[in-house]
Each structure stands twice: as C-alpha cells, then as structure tokens.
Amino acid sequence: MLVGMTTNADSTGPGTGTAPRRRPPAGAAVLREDVTEAIRSAVFGELAAVGYARMSIEGIARRAGVGKTAVYRRWRSKLHLVLDLVSAVAVQGLPAPDTGTLEGDLRLLYEVASRALRHPVAGQIIPDLQAEAARNPDIAEAMQKALREGQQGVASGIVAAAVARGEIREDADEDLALDLMSGPLYWRTVVVRDPEPPENHLAGLARATAAALRAL
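> Can you help me understand the nonpolar core in this one?
When a protein is soluble and globular, its nonpolar side chains tend to lie buried together. Ranked by size, the top nonpolar core spans 28 residues in total, and within it I39, V43, Y52, I60 and L129 carry the most contacts. Taken together, the elements giving at least two residues each to this core come down to α2 (33-54), α3 (57-64), α4 (68-72), α5 (78-92), α7 (120-133) and α8 (137-164). Considering every element that reaches this core, the biggest residue donor is α2, with seven residues. In this structure, A113, V159, A172 and L205 belong to the second largest nonpolar core, which totals 22 residues.

> Looking at this structure, I do not really get unusual backbone geometry. What am I missing?
For residues besides glycine, phi is generally negative; the peptide bonds are generally trans as well. One non-glycine residue with positive phi stands out, namely N200, at about 70°. Owing to a relative accessible area of 57%, N200 belongs among the exposed residues under this scheme.

> Would you take a moment to explain the pattern of salt bridges for this structure?
Note that side chains of opposite charge can pair when their charged atoms are close. By the definition in use, this model includes eleven salt bridges. As a salt-bridge pair, R40 and E33 come within 4.0 Å of each other at their nearest N and O atoms. For E58, the salt bridge is made with K68, and the minimal N-O distance between the two is 3.6 Å. In this pair, E58 is assigned in helix α3 and K68 in helix α4, connecting sequence segments ten residues apart. Linked through salt bridges whose partners overlap, the residues forming this network are E33, E37, R40 and D84.

> Whenever I open this one, the environment of A96 confuses me. Can you help?
Residue placement: A96 occurs in the loop between α5 and α6 (102-117). By relative accessible area, which is 52% here, A96 ends up exposed.

Thresholds, definitions, all that
Residues numbered from 1 in each chain as written. Predicted model: local features only at pLDDT ≥ 70, side-chain atom pairs only at ≥ 80, totals over all residues. Heavy atoms only, no water. Core = buried A, V, L, I, M, F, W, Y, C linked by side-chain atoms within 4.5 Å. Buried < 20%, exposed > 50% of the residue type's maximum accessible area, 1.4 Å probe, protein only. Helix = DSSP H or I, 4+ residues; strand = E, 2+ residues; numbered from the N terminus. Salt bridge = Lys/Arg side-chain N within 4 Å of Asp/Glu carboxyl O.

Here it is in structure tokens:
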C-alpha cells in the first residue's frame, strides 16, 4: 500500500497550474486478481509438495512470488485458504456431457474424470486432504460439499437428459444415481489408485452404469 506516501503529482498545489492526481483506491491494488490467482496456484503446488500439515503461509507466499502480507490480506490462515480453494473447485465442477445417449454421456464423463483424478497433483492432494478431514471437521465439511456439489450438478444434468430421451424413468432416485455414477471410478482411481485403467474399462463401466440407471 502507498498510504502516507506522496508523489510529485500529489504534492502539486493550486499555484503550480497542474491539478492534483487522484490515487487509485487502495483496495484495488491490494486485492489484484492476478496476485490472488498466483496464490491459489501456489497452494496447489505446496499441497502436492509438502502436504497440508507441513504447508505454511511462508511457503505459499514464496512459491507465489509475493509477500506474506498479500496472503493474509485475503485469508486469515492456511485453513481458510484451503477451504476457499476447495469451495471454488466445487463451484466449477465438471462440464456436463451432451452426447445424445446415456451411455455416451457416462463414457465422456468417465474419460474426463479419470484424467483429472489421475493427474499427479490431484493424486497427492486428494488423499492428503481426506486424511486431514478425518481430524478437522471444517475440512471434512468443505470436502464433502465440494465432492457432492461438484458431482451432483453433473449427475442431475445426465439424469435429466436421459429422462427427457426416455432412457430412464422420470422418478429415478438422483442420490442413488450419483452413487452408481461416481462410486466405481472413484474407488478404482483414488482408493485402489490403479495407475491406468485396462483397455475398454471406461467403456465397460459406462455400459454397466447405464444399465444400472435404467433399472432404477
């Protein structure tokens, strides 16, 4: 911040013939969006490198190329920073596929989600945050919200499209549909941590899940 400092323009008086220059609002400089995004990106890097327990505001600031003050002006602690980040991911969610068939939508969803879950950074961050969630109810709540809200919107879109096409019943249970759609892939990639799905695995999973959804 430049509060308390003067420039030549600021000190120019009425007798000089030059109007004083207005300073930009301090908040605009403090909360620059590019700095905020650099900090958020740095959090992902720090979580992947050292985990939540060893992550520090100092390390985040150093990785982002900013001072600690820039971080604290946006978040009170690393917990609030991570909670905000997890919530932002929940809002973004996954793009809802629209291939024209239930099985095609599921296949596309699984391809996108499989790549995301197998990304090296996600592979390190998700298990670490899950471990922290077992000890910290705030992180547990944020993780549950992120996973449920992010997937719920996609599931609702796929189910609604399938209902409109007459592929599944109108009164299909969306919560059960979400479990059927998300559970098997999450189990294999995050719990079992299979490095690469066997050939045609995602196609078979989409086919089996579509059959299960039709049976709801």
